[in-house]
Protein chains: 2
Amino acid sequence: MQIGELSRETGVNIETIRYYERSGVLPTPVRQDNGRRVYGASDVRRLGFIRHARNLGFDLQSVQTLLALQEQPQASCADASRIAQAQLDEVEQRIARLQSLQLELSRMVAECRKGMVAECRVIEALDTPLS
Amino acid sequence: MQIGELSRETGVNIETIRYYERSGVLPTPVRQDNGRRVYGASDVRRLGFIRHARNLGFDLQSVQTLLALQEQPQASCADASRIAQAQLDEVEQRIARLQSLQLELSRMVAECRKGMVAECRVIEALDTPLS
DNA sequence: CTACAACCTGTAGTGACTACAGGAGCAAGA
DNA sequence: TCTTGCTCCTGTAGTCACTACAGGTTGTAG
């Protein structure tokens, strides 16, 4: 399969696929005689993995670490778990902060609806540290 | 207060403060005779707000919108309400996305803890995208 | 033969920083 | 007074993870 089909199959931009190759997170593919890249099923899987990991907020460095772990199945899962846990901690922090902002914004909207001049406390909502 | 103190007070890099000024999210400050920037308490608050909003994943454009909301004179309450509602929608979407992410990450970590090394599911979890 | 899609390389732009070069101001100590 | 060292200044360039585009080649359908 050529790069266009891989792109359609995975939903990853062609330019992005070439970028992933350049930055080493995708292996350099075999080329046809005309120089075009040839991909297989394993590339679809790998690229799907990368896309999903990126959506979860892993940077390409972490993705590469996870892929390396995958290729060494006997290696400990502690590394992968540690990376995931770090992401999880950050995600939970973000959720908490967003919920306090959500509260403040909905309060403002509600006050505005009532025709009152809301004294805006958006800044305070974000300024006061969590918990 | 000079830029260094503002930086220490808010935890925002000096270079980043100047960048915020360049990109219009911080007002151009008064200068001393020697050309150095002078800041006050309002800048500390504003910069703290920017930092938190950025941590929440708002881009500088949205931060500027939120700040405009804050500075909105009582006049256009309907307008302010509309902006606040739009931000609220975005915040709620963001929370939902983060929560599904949180679920998956915590499942990954939990399975990794329970399972044996050979059966680590972290990578498999990333391989199968969310429905 | 022509049109056009799909591919190629290489470079440059984006957003939000971050680092660094090269210079100036200023306060304290020798 | 001179020097050291810190903070500040401007301006440019680098980073990450793309994304866009220019300018060229290849393949295929009409």
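See the structure printed just above.
None of the values given here were measured: they were computed from a predicted structure.

Colleague: Just to check I follow, could you spell out the protein's contact with DNA strand D for this structure?
Modeller: The environment of DNA strand D is formed by 19 residues, the closest being Asn-34 and Arg-54 of chain A together with Arg-18, Arg-36 and Arg-37 of chain B. In the interface set of DNA strand D, defined as its atoms within 4 Å of the protein, sugar plus phosphate atoms amount to 71%. Residue Arg-31 of chain B places a side-chain N or O atom 3.0 Å away from a phosphate oxygen belonging to DNA strand D. It is helix 2 (residues 14-22) of chain A that contributes the most residues to the surface near DNA strand D, five residues altogether.

Colleague: How should I be thinking about the packing of helix 3 (residues 41-55) of chain B against helix 4 (residues 60-71) of chain B in this particular structure?
Modeller: A packed helix pair is summarised by two numbers, namely the angle formed by the two axes and the spacing between the axes. Residues and elements named next belong to chain B. One can describe the packing of helix 3 onto helix 4 by two numbers: an axis separation of 10 Å at closest approach and a directional angle of 135°. As judged from the angle between their axes, helix 3 and helix 4 are oblique. When the axes of helix 3 and helix 4 are compared, the crossing they make is right-handed. Between helix 3 and helix 4, the contacting residues are Arg-46, Phe-49, Ile-50, Ala-53 and Arg-54 on the first element and Leu-60, Val-63, Leu-66, Leu-67 and Glu-71 on the second. Tallied by class, the residues present in the contact of helix 3 with helix 4 amount to seven nonpolar, no polar and three charged.

About the thresholds
Residues numbered from 1 in each chain as written. Chains lettered and ligands numbered in written order. Predicted model: local features only at pLDDT ≥ 70, side-chain atom pairs only at ≥ 80, totals over all residues. Heavy atoms only, no water. Near = heavy atom within 4 Å. Polar contact = N/O pair within 3.5 Å; in protein donor to acceptor, adjacent residues only side chain to side chain. Helix = DSSP H or I, 4+ residues; strand = E, 2+ residues; numbered from the N terminus. Axes fitted to C-alpha atoms, helices over the stretch in contact; angles between N-to-C directions. Parallel < 35°, antiparallel > 145°, perpendicular 65-115°, else oblique. Left-handed = near helix turned anticlockwise from the far one by under 90°. Contact = heavy atoms within 4.5 Å. Nonpolar A, V, L, I, M, F, W, Y, C, P; charged D, E, K, R; others polar.

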